[in-house]
Each structure stands twice: as C-alpha cells, then as structure tokens.
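Descriptive structure summary
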Amino acid sequence: MSCAVVDTPIGPLRLTGDGEAVTGLHFGAGEEDRPGDLAAAVAQLEAYFAGRLTVFDLPLRLGGTPFQQRVWAQLQRIPYGETWTYRQLAAATGNPKATRAVGMANNRNPVSIIVPCHRVIGAAGSLTGYGGGLERKSWLLGHERGVRAERLGPA
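Residues numbered from 1 in each chain as written. Predicted model: local features only at pLDDT ≥ 70, side-chain atom pairs only at ≥ 80, totals over all residues. Heavy atoms only, no water.

1. With respect to the overall build of the protein chain
The following threshold applies: Strands are runs of DSSP state E lasting at least two residues, helices are runs of H or I lasting at least four, and both sets are numbered from the N terminus onward. Both definitions apply: the radius of gyration is a C-alpha atom measure, and the globule rule equals 2.2 Å times residues to the power 0.38. Type-normalised accessible area, obtained with a 1.4 Å probe on protein chains alone, sets the label of each residue: buried when under 20%, exposed when over 50%, and partly exposed for intermediate values.
Looking only at helices and strands, one finds five helices and five strands in the protein chain. In terms of overall dimensions, the protein chain is globule-like: its C-alpha atoms have a radius of gyration of 15 Å, near the 15 Å expected for 155 residues. Along the three orthogonal principal directions, the C-alpha set of the protein chain runs to about 45 × 40 × 25 Å. Residues classed as buried in the protein chain amount to 44% of the 155 residues present.

See the structure below:
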C-alpha cells in the first residue's frame, strides 16, 4: 500500500494506491508511505486544482458491488463543470427509480474528485450530501465552472 498527501485549496487529501492503481482518495492528512508510487496521481490532482486538468487519466482499482461500479462509471461521464441530478444518474445506470440506491453508491465512492461524485446535486439544484462536506462540494463545483468559463470565453 502506498500513501501520498496532497495539499489543496480544500485541505489536505490523502491518496492511497496498491503500486499499480489508485485505490482511495480521502479528506484529511495522514502519513506518507512510498508517495513516489502515486506521483502521476499527485501530479494530476495538482493540475486539476490549478485549472489545467479537466479529465483524470489514472489506473483505478475500486472495490464495490456491480451496481456501485456502474454508478461510478456513470459519474465519470458527467462533463467537467456540469452537474447531474440523482435522477439523471439513476437513469444513466438503467434504473431511473433507483435514486436512493444511486445516492448510497455515490456516497461510497472511494476516489472522490477523481470519480466526480461532487457533480451530483438534488432535484431542485440543491447541494446535497458530500463526504467532504457541502463547503468543499460548493468549492469544487465553483472551481470547475470558473475554469470552464475561462476556457470557453464569454457567452
């Protein structure tokens, strides 16, 4: 197991990996152990927070049920700087009535930010549920919208 800590505008993030793939991203600091194994993930997170990266390209090893895996795969389809509702995410997984199950799978996402569960919002556009706290979710969404607007230019 490898661990690396990345200082970010939303606080320290602790990456974990198995030597071949990223296995976790957690809010809060911890001890580093063989952080070089996670150099690519650290570089991509730093680029994301600097506004230079909009899509992560990292090997991931995410333990979870087949349903959770489907939800996490759909999360990666949400475009940078945009949001989907839980209902949209449920429909994308093939079961539009599974909004609660989708919410639970979203909550169990082991690599928040890399698999962008922060891009899922409530039906009325409200910020709901985020393991890192709603302040971080709001910051991440604002960051992405700002970078996207800067890249696209004035409307």
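2. A word on the nonpolar core
Where we set the bar: Definition used in this section: a nonpolar core is a set of buried Ala, Val, Leu, Ile, Met, Phe, Trp, Tyr and Cys residues joined via side-chain atoms within 4.5 Å.
Leu15 and Ile113 are the most contacted members of the largest nonpolar core, which totals 38 residues. In terms of residues, this core owes the most to one element, helix H1 (residues 39-49), which gives six residues.

3. Overview of helix H4 (residues 99-107)
What counts is decided by this rule: As used here, the arc is the angular range of directions from the helix axis to the C-beta atoms. The contact definition used throughout considers only heavy atoms, calling two residues in contact when any of these lie within 4.5 Å.
Along H4, the residues that are buried comprise Val102, Ala105 and Asn106. Along the long axis of H4, the arc covered by the buried residues comes to 100°, so they all point the same way. Turned more than 90 degrees away from the buried face of H4 sit Arg100 and Asn107, all of them exposed. Along its buried surface, H4 packs onto helix H2 (66-75), helix H3 (86-92) and strand E5 (120-121).

4. Here we look at the pairing of strand E2 (residues 13-17)
It is a general feature of regular strands that their side chains alternate between the two faces of the sheet. As a reminder, the rule being used: For two strands to be treated as a pair, DSSP must find at least two bridges joining them.
Most of E2 sits inside the fold, with four of its five residues counted as buried. Taken together, the five bridges between strand E1 (residues 2-6) and E2 define a ladder with antiparallel strand orientation. Within E2, the residue paired with Val6 across the bridge is Leu13. Strand direction decides the pairing type here: E2 and strand E3 (residues 22-27), joined by five bridges, are antiparallel. For Leu15, the partnering residue across the bridge sits in E3 and is Leu25. Joining the antiparallel neighbours E2 and E3 is a turn of four residues, in which Gly19 adopts a positive phi near 95°.

5. Observations regarding the packing of aromatic side chains
This is how it is decided: Planes of paired rings set the category: under 30 degrees apart is stacked, over 60 is edge-to-face and the rest tilted, where pairs are Phe, Tyr or Trp rings (Trp by its six-membered ring) whose centres lie within 6.5 Å.
Going through the model one piece at a time under the given rule, you end up with five aromatic pairs. Between Tyr48 and Phe49, the aromatic rings sit 5.0 Å apart at their centres with planes inclined by 85°, giving edge-to-face as the arrangement. Classification of Phe49 by relative accessible area gives buried; the value is 12%. With centroids separated by 5.5 Å and ring planes inclined at 35°, the aromatic side chains of Tyr48 and Phe56 adopt a geometry described as tilted. Here Tyr48 matches Phe56 in class, with each residue buried.

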